[in-house]
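Topology and contacts: notes
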Amino acid sequence: MKKKIEELIQKAFKAKENAYTPYSNFKVGAALLTKSGKIYTGCNVENASYGLTCCAERVAIFKAVSEGEREFDTLVVVGDTDEPISPCGACRQVMSEFGDFEVILVSKDRKLKKVKVKDLLPYSFEKENLKK
Ligand code: THU
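For the structure given in this document, a descriptive report is provided here.

Parameters at a glance
Residues numbered from 1 in each chain as written. Predicted model: local features only at pLDDT ≥ 70, side-chain atom pairs only at ≥ 80, totals over all residues. Heavy atoms only, no water. Salt bridge = Lys/Arg side-chain N within 4 Å of Asp/Glu carboxyl O. Helix = DSSP H or I, 4+ residues; strand = E, 2+ residues; numbered from the N terminus. Buried < 20%, exposed > 50% of the residue type's maximum accessible area, 1.4 Å probe, protein only. Core = buried A, V, L, I, M, F, W, Y, C linked by side-chain atoms within 4.5 Å. Contact = heavy atoms within 4.5 Å. Near = heavy atom within 4 Å. Polar contact = N/O pair within 3.5 Å; in protein donor to acceptor, adjacent residues only side chain to side chain. Areas by Shrake-Rupley, 256 points an atom, 1.4 Å probe, with all protein chains shown as cover. Pairing = 2+ DSSP bridges. Axes fitted to C-alpha atoms, helices over the stretch in contact; angles between N-to-C directions.

1. Some details on the pattern of salt bridges
Summed over all chains, the structure comprises 10 salt bridges. Between Glu7 and Lys4 there is a salt bridge; the shortest N-O distance is 3.9 Å. On the criterion of helical spacing, the pair formed by Glu7 and Lys4 is a turn pair, its members being three residues apart in helix α1 (residues 2-16). Looking at Lys4, the relative accessible area reads 27%, which means it is partly exposed. Among the ionic pairs, Lys108 bridges to Asp82, the shortest N-O distance being 2.5 Å. Note that Lys108 is positioned in the loop between β4 (102-106) and β5 (112-116) and Asp82 in the loop between β3 (72-79) and α3 (89-96), a separation of 26 residues in sequence. The exposure class of Lys108 is partly exposed, given its relative accessible area of 45%.

2. A look at the nonpolar core
Grouped together as the largest cluster of nonpolar side chains are 21 residues, with contacts concentrated most on Leu32, Leu75, Val77, Met95, Phe101 and Val103. Of all elements in the fold, only β1 (28-34), α2 (56-66), β3, α3, β4 and α4 (117-120) reach the threshold of two or more residues within this core. Residue contributions to this core peak at four residues, all from α2. Here Leu75 is in contact with Ala30, Ala31, Leu32, Glu57, Met95, Phe101, Glu102, Val103 and Ile104, once residues within four sequence places are set aside. Membership of the second largest hydrophobic core comes to 11 residues, among which are Ile9, Ala12, Val76 and Ile104.

3. What about the site of the ligand?
Near the ligand lie 13 residues; those nearest to it are Asn44, Glu46, Cys55, Ala56 and Glu57. Note that an oxygen atom of the ligand is positioned 2.5 Å from one of the side-chain N or O atoms of Glu57. Protein contact buries 79% of the 370 Å² of open area that the ligand shows by itself.

4. Let's talk about the sheet that holds β3
Reading across from one edge, β2-β1-β3-β4-β5 is the order of the five strands in this open sheet, with mixed pairing throughout. Looking along the sheet, the strands with just one partner apiece sit at the ends: β2 (39-43) and β5. Taken over all neighbouring pairs, the strand axes of this sheet differ in orientation by 15° on average, direction set aside. Pairing of β4 with β5 involves five bridges; the strand directions are antiparallel. Following the sheet pairing, Glu102 is matched in β5 by Lys116. Lying over the sheet, α2 contacts β1, β2 and β3, oriented at roughly 140° with respect to β2.

These values are about where atoms sit, not about what they do.
Quick look at the structure:
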């Protein structure tokens, strides 16, 4: 398992290189391990209409979901930050849609912070609320 985490971190750093960030120049990478054992990566993709920017975490999650995956084991997020990067609120809500999996936040010099989705977004709005 330790080896898998190392692989996820490496893949997230590699994905970060593809970040399209002409506006912020802040590059983020993500790597998502599914329960089926596959890895989907993501980077942030910005837009001249700033609000259309999609974060690395959501790109990785949407890539996985679009391939039929819905059960996630671990999401690694890496950023050029001094302390482990902290995902935005929108990404936390998107993560919480798919359960309480492990999230490993990583700084530029590989400081790690391991949390669960529920730690990042307690008391989230859940799909169960929509069921009658
Ligand atoms: N960003 C991410 O991709 N993930 C995060 O966890 C934080 C923010 C991106 C969005 C935008 O392209 C840039 O970082 C600056 O906010």
